[in-house]
Amino acid sequence: MNEIRDVTALKDTKKVKISAQNVQVYYGDNHAIRDVNVDIDDKTVTAFIGPSGCGKSTFLRCLNRMNDTIDICRVTGTILMDGRDIYAPDVDPVLLRARVGMVFQKPNPFPKSIFDNVAYGPRIHGLAANKAELEHIVEKSLKRAALWDEVKDRLSASGTGLSGGQQQRLCIARAIATSPEVLLMDEPASALDPIATAQIEELIDELRSKFSVVIVTHSMQQAARVSQKTAFFHLGSLVEYGETGQIFTNPQDPRTESYITGRIG
Amino acid sequence: MIAIVFITVLVLASVAFLMGRRRAIVLAAGQPAKLHSRPNYHGMYCFLMVLLVGWGLLLVVGVGAEIAIDRMLETQVSVARPEASSVERQLIISDARALATGALASADDSLRQSVSERFARFVMWRNWAISLLVLGGALVAAALCLRRISVSFRARNRAESMLRKMLAAMALIAVLTTVGIVLSLVFETFGFFRDIGWRVDKFLFGLNWSPLSGVMDGQLDPDRVGAVPLFAGTFLITLIAMFVAVPVGLFAAIYLSDFASSRARAIVKPMLELLAGIPTVVYGFFAALTVAPALRNTGETLGLTVASESALVAGVVMGIMIIPFISSLSDDVINAVPQALRDGSYGLGATRAETIRQVVLPAALPGIVSAVLLGMSRAIGETMIVVMAAGQGPNLTANPLAAVTTVTVQIVSLITGDTEASTAAGPAFALGFTLFCITLLMNVFAQKIVHRFREAYD
């Protein structure tokens, strides 16, 4: 299966979706990310791996400017999306985040009904002209997040009443309801049991047909299972970036090899 | 004297603690792990036992002696002056006591002299009895405790169970006080209703409030105890206060929790909380001396007649007083909304305003509702501002520019007025009891709302 995936990945990698050049991130005086250069392909799952505190989540949050909500955080360098600098002064981070969806480590459904959770993004961005259209978007998003069959009879029940795995799929449905071009996932399965994890991974693989997916994960098996490209971060630097198969079987950097074989991290 | 005994018991208990601990260590003979309880628990057991026995005896003997002395003095006086009224007898006894303690320099009356001498003698006996009994009891307790200490003695369990009982006793004091207050309210209110011939309807729905006018023989007129104007005034002022306090307090809380920089927050939050530290009496004369004239002048230029004491002035100033309650409590609950929810909303491309309105406020709603209701209970029970700024006349009106009176103002004027306390207390207690019932109902209601929303949101 991996081989087939690699072939499709090669076919799709022609287009670069996000290009980061010389990115530095500072938290106050702390230099959290150093000189990161990475090209993220469209219609591909890219995994960021590395030990805790290596900066992979911080870098992920640069891609939709979530770091703007933290006062002491400062980002320099260039991040281009479709060739346009997302940190340019004329870019509104609010509109950017509608194009770059995000799923968090802990499922964080709003204390609203399942329907309202998914309809939240389309409503604030005015994506639906009328109620029928909104219902259509909600149904499509829930179906794409593989949650529709489980919740179609109780769309007005509270989103917080679902199980952990269902909540996370609800959050994915919520993120894809605004039709983003990129989906960022910050350890989306780390709070879930193995069965729910398998469902999420399967879902990520399907989402690749529509979006560019970037996933941060602690689990190397997960990175190997779901991604086509893998980036290894260590102490705030991007150590190695390449095809997933190559990173895991034939790493070029000794630090990558040590991490993959369990000697650092 | 009693203070010295009290402190001596404490010292004895401390000595017992040290001795108990020492004895436990000695008994362990260099192997402290052999002891069932740590030496400190053995000490604690001795300490608590000595304290309980000592202070307990002090209380029992002290109260008993006081009663006995009273009885004997009363017998003496009533034998000497059988014709005197009971008030006069009490007067003689209290004079004699004052004489004995030196508060009264001299008395020419031979009865007072002899009672006083007898009282002084009794007090001396009593002091001796207390000292001997209490200190003796404490010593015996200490000796018994020390004897009980052994390697297998379960001092920890005993000391902890004693401590638990002491904590329960303290909690019981708080509960009993509440029950006592409520019972006294209930009985006095019943007395009042009996006095007006059980015309409770006249009290609850009557429109005419002047309970003490024309009361000469202590008989209240049911037609003059209608409390509606007072409650109407209270609610009018509370409503105005909430109109001021809720928007200001809530928006201030939203600004503080989600918009203010940490520097602005560090300045604004303490300033807001400073408002809560201003004594209400200061708010009261601020309302009466600063706000009221300003409002009257403004009203005159606009062609409105504003009473010098008005519901508006009292309500606005009371609203200012309540702002910090609402802002501080709302700020806490808004801050308690998880950052993950805000991140989720920002991550979908929502602005701060959208995030607050659609995610943060709904999640914080139960807390905000209870903050508002708490502020309302305070407004209803607030006294000082309305006494100075709202007026005295029971005036049934919905005009905020007119003078109204409130329940609390009328209670103050009943109690501080020059009518005999036994007559004035009835209406005051009835008003207080009704006010208590209203605040209680509001609190229950608030709890219900909070509970319902909490179920929906967790």
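Within each chain, residues carry numbers counting from 1 in the order of the written sequence. Following the order in which they are written, the chains are lettered starting with A and the ligands numbered starting with 1. At least 70 in pLDDT is required for a residue's local features to be given in this predicted model, at least 80 for side-chain atom pairs to be given and counted, and no such filter applies to totals for whole chains, interfaces and linings, which use all residues. Water and hydrogen atoms play no part in the side-chain values, which are based on all heavy atoms of the structure.

Quick notes on the overall build of chain A
Looking only at helices and strands, chain A has 11 helices and 10 strands in total. Radius of gyration (C-alpha) of chain A: 18 Å, near the 18 Å computed for a compact globule of 265 residues. Considering only C-alpha atoms, chain A reaches an extent of 55 × 45 × 35 Å along its principal axes. Expressed as a percentage of the 265 residues in chain A, the buried residues total 54%. The contact definition used throughout considers only heavy atoms, calling two residues in contact when any of these lie within 4.5 Å. In chain A, the proportion of contacts linking residues at least 24 apart, taken out of those at least 6 apart, comes to 67%. For the area figures, the Shrake-Rupley method with a 1.4 Å probe applies, and any residue is considered shielded solely by the protein chains shown. Carbon and sulfur atoms form 50% of the exposed surface of chain A, whose accessible area is close to 11,300 Å². In this description a helix means any DSSP run of H or I spanning at least four residues, a strand means any run of E spanning at least two, and both kinds are numbered starting from the N terminus. The globule rule used here is 2.2 Å times the number of residues to the 0.38 power, and the radius of gyration it is set against is calculated over C-alpha atoms. To sort residues, take the accessible area from a 1.4 Å probe on protein chains only and compare it with the maximum for the residue type: under 20% means buried, over 50% means exposed, and anything in between is partly exposed.

Describing empty space enclosed by the protein
Residues and elements named next belong to chain B. Cavity: a set of points on a 1 Å grid over the protein atoms alone where a 1.4 Å probe fits but cannot get out. Pocket: an open set with protein on both sides within 12 Å along at least five of seven lines, its lining residues, like those of a cavity, having an atom within 4 Å of a point. Grid points are joined across faces, edges and corners, and a volume is the space filled by probe spheres set on the points. Evaluation of the coordinates by the stated rule reveals one cavity of 30 Å³ or more. Around the largest cavity, the lining residues are T234, I237, T238, M318, A379, I380, E382, V386, T406 and T408. Among the elements of the structure, α7 (228–259) and α12 (352–381) are those that each provide at least two residues to the lining of the largest cavity. The residue makeup of the lining of the largest cavity, split by class, is five nonpolar, four polar and one charged. For this classification, Asp, Glu, Lys and Arg are treated as charged, while Ala, Val, Leu, Ile, Met, Phe, Trp, Tyr, Cys and Pro are nonpolar and the rest, including Gly, are polar.

Notes on unusual backbone geometry
All names here are of chain A. Positive phi, normally seen in glycine, also occurs at D82, with a value near 50 degrees. Here D82 shows up in the loop between β4 (73–81) and β5 (84–85). Here D82 falls in the partly exposed class, since its relative accessible area comes to 36%. Positive phi, close to 45 degrees, is recorded for S179, a residue that is not glycine. Mapped onto the fold, S179 is located in the loop between α7 (164–176) and β7 (182–186).

Quick notes on the environment of G30(B)
Within the secondary structure, G30(B) sits in the loop between α1 (2–28) and α2 (39–80). What makes G30(B) exposed here is its relative accessible area of 69%.

Things to note about the domain arrangement of chain B
The accessible area lost on association of the parts is a frequent measure of interface size. Residue ranges for the domains originate in an automatic or database domain assignment. Looking at chain B, the domain boundaries give domain 1 (2–184) and domain 2 (223–453). Measuring from the centre of the C-alpha atoms in domain 1 of chain B to the corresponding centre in domain 2 of chain B gives 47 Å.

Some thoughts on the packing of aromatic side chains
Centres within 6.5 Å are what make two rings of Phe, Tyr or Trp a pair, Trp counting through its six-membered ring; a difference in plane orientation under 30 degrees is then read as stacked, over 60 as edge-to-face, and the rest as tilted. Going through the model one piece at a time under the given rule, you end up with 12 aromatic pairs over all chains. Look at Y45(B) and F153(B): their rings are 5.1 Å apart centre to centre, the planes differ by 65 degrees, and that puts the pair in the edge-to-face class. On the criterion of sequence distance, the pair formed by Y45(B) in helix α2 and F153(B) in the loop between α4 (110–148) and α5 (155–195) is long-range, its members being 108 residues apart. In this pair, the class of Y45(B) matches that of F153(B), namely buried. Judged by centre distance (5.6 Å) and plane angle (70 degrees), the rings of F193(B) and F203(B) are edge-to-face. Of the two residues, F193(B) is situated in helix α5 and F203(B) in helix α6 (residues 200–205); the sequence distance between them amounts to 10 residues. Neither residue differs from the other here; F193(B) and F203(B) are each classed as buried. By the ring-pair criterion, three or more aromatic residues cluster together here, those being F48(A), F59(A) and F233(A). We count a charge as sitting over a ring when the NZ of a lysine or the CZ of an arginine lies within 6 Å of the ring centre and within 35 degrees of the ring normal. Above the ring of Y26(A), the side-chain terminus of R74(A) is found at 4.5 Å from the ring centroid.

Some details on the layout of surface pockets
Over the atoms, a rolled probe matching the size of one water molecule traces out where space is still vacant. For the second largest pocket, the calculated volume is near 400 Å³. T69(A), D71(A), S257(B), D258(B) and R352(B) are the residues nearest the centre of the second largest pocket, which is lined by 16 residues in total. Taken together, the elements giving at least two residues each to the lining of the second largest pocket come down to α7, α8 (262–277) and α11 (339–347) of chain B. The greatest single-element share of the lining of the second largest pocket, amounting to four residues, is contributed by α7(B). By residue class, the composition of the lining of the second largest pocket is five nonpolar, six polar and five charged.

A closer look at a nonpolar patch on the surface
Residues and elements named next belong to chain B. On the surface, Y255, F259, I267, V268, M271 and L274 cluster together into a nonpolar patch covering about 590 Å² of accessible area. Secondary structure elements with two or more residues in the nonpolar patch: α7 and α8. In terms of residue count, the dominant contributor to the nonpolar patch is α8 (four residues). With respect to the helices and strands, the residue F259 is situated in helix α7. Only residues whose relative accessible area exceeds 30% and that form no salt bridge enter a patch; like-charged residues are grouped when within 9 Å of one another, and nonpolar side chains (Val, Leu, Ile, Met, Phe, Trp, Tyr) when within 5 Å. Just to be clear on terms, a salt bridge is a Lys or Arg side-chain nitrogen sitting within 4 Å of an Asp or Glu carboxyl oxygen.

Quick notes on the confidence of the model for chain A
Per-residue confidence from the predictor is reported as pLDDT, which spans 0 to 100. When pLDDT is averaged along chain A, the result is 89, and 94% of the positions lie at 70 or above. Of all helices and strands in chain A, the one with the weakest mean pLDDT is helix α1 (residues 2–12) of chain A (47), whereas strand β3 (residues 45–49) of chain A scores best (95).

Digging into the pattern of salt bridges
When the charged atoms of two side chains with opposite charge come close together, those side chains can pair. In this structure the tally under the stated criterion is 31 salt bridges over all chains. The closest approach of N and O atoms between R255(A) and D253(A), which form a salt bridge, is 3.3 Å. Its salt-bridge partner being K269(B), residue D331(B) comes within 2.7 Å of it at the nearest N-O pair. Of this pair, D331(B) sits in helix α10 (residues 311–336) while K269(B) sits in helix α8, and the two are 62 residues apart along the sequence. Residue class for D331(B) comes out buried when judged on its relative accessible area of 0%.

Quick word on the interface of chain B and chain A
Across the contact, 19 residues belong to chain B and 23 residues belong to chain A. Buried area counts how much accessible surface, traced with a 1.4 Å probe, disappears from two parts once they are put together, with both parts' losses summed. In total, chain B and chain A occlude about 1,800 Å² of area from one another, counting both sides; carbon and sulfur atoms represent 60% of this. Of all residues in chain B, G347(B), L348(B) and Q358(B) give up the largest surface area on contact with chain A, accounting jointly for 32% of the area buried on that side. Run the count over chain B and chain A and you get zero salt bridges. Under this definition, polar contacts are N or O atom pairs within 3.5 Å; protein pairs additionally need one hydrogen-donor-capable and one acceptor-capable atom, and for neighbouring residues in sequence, both atoms have to be side-chain atoms. Counting the contacts that link chain B with chain A gives five residue pairs in polar contact (both at pLDDT 80 or more). Of all the elements in the fold, those that place two or more residues in the side of chain B that touches chain A are α11, α12 and α15 (421–457) of chain B. Top contributing element to the side of chain B that touches chain A by residue count: α11(B), with seven residues.

Let's talk about the nonpolar core
What is meant by a nonpolar core is a set of buried Ala, Val, Leu, Ile, Met, Phe, Trp, Tyr and Cys residues, joined one to another through side-chain atoms within 4.5 Å. In terms of nonpolar packing, the biggest core is built from 46 residues, with Y120(A), I237(B), A314(B), M318(B), I322(B), I385(B) and V386(B) touching the most fellow members. Looking at this core, the elements that each hand over two or more residues are α4 (114–125) of chain A together with α7, α9 (280–302), α10, α12 and α13 (384–389) of chain B. Ranked by residues supplied to this core, first place goes to α7(B) with 11 residues. Counting residues in each nonpolar core, the second largest holds 41 residues, with A173(A), I204(A), L207(A) and Y259(A) among its members.

Concerning the pairing of β4(A)
All names here are of chain A. Any two strands with at least two DSSP-identified bridges between them are counted as paired. Judged from the eight bridges that link them, strand β1 (residues 16–27) and β4 form a sheet pairing that is antiparallel. If you follow A20 over to β4, its bridge partner there is I79. The turn joining β4 and β5, which pair antiparallel and follow one another in sequence, is formed by two residues; a positive phi near 50 degrees is taken by D82.

A few points about the side chain of T217(A)
Residues and elements named next belong to chain A. Residue position: T217 is located in the loop between β8 (212–216) and α9 (220–226). At 2.9 Å, the side chain of T217 forms a polar contact with the backbone nitrogen of S219. A polar contact of 2.7 Å, which involves the side chain of T217, links it to the side chain of Q222. Leaving out residues up to four positions away in the same chain, T217 has contacts with F48, I49, K56, E187, Q222 and A223.

Structural notes on the packing of α2(B) against helix α3 (residues 86–101) of chain B
Residues and elements named next belong to chain B. To obtain each axis, a line is fitted to C-alpha atoms, and for helices this fit is confined to the stretch in contact; angles are then taken between N-to-C directions over 0 to 180 degrees. Running from amino to carboxyl end, α2 crosses α3 at an angle of 120 degrees, the nearest separation of the two axes being 10 Å. With respect to each other, α2 and α3 are oriented oblique. Read as a crossing pair, α2 and α3 show a hand that is right-handed. Here E66, I69, D70, L73, E74, V77 and S78 of α2 lie close against α3, whose contacting residues are R89, Q90, I92, I93 and R97. Here the contact of α2 with α3 is built from residues that sort into five nonpolar, two polar and five charged. Convention used here: angles under 35 degrees read as roughly parallel, angles over 145 as roughly antiparallel, angles from 65 to 115 as roughly perpendicular, and any remaining angle as oblique. Here is the rule for handedness: rotate from the far helix to the near one, and if that takes an anticlockwise turn smaller than a right angle the crossing is left-handed, while a clockwise turn gives right-handed.

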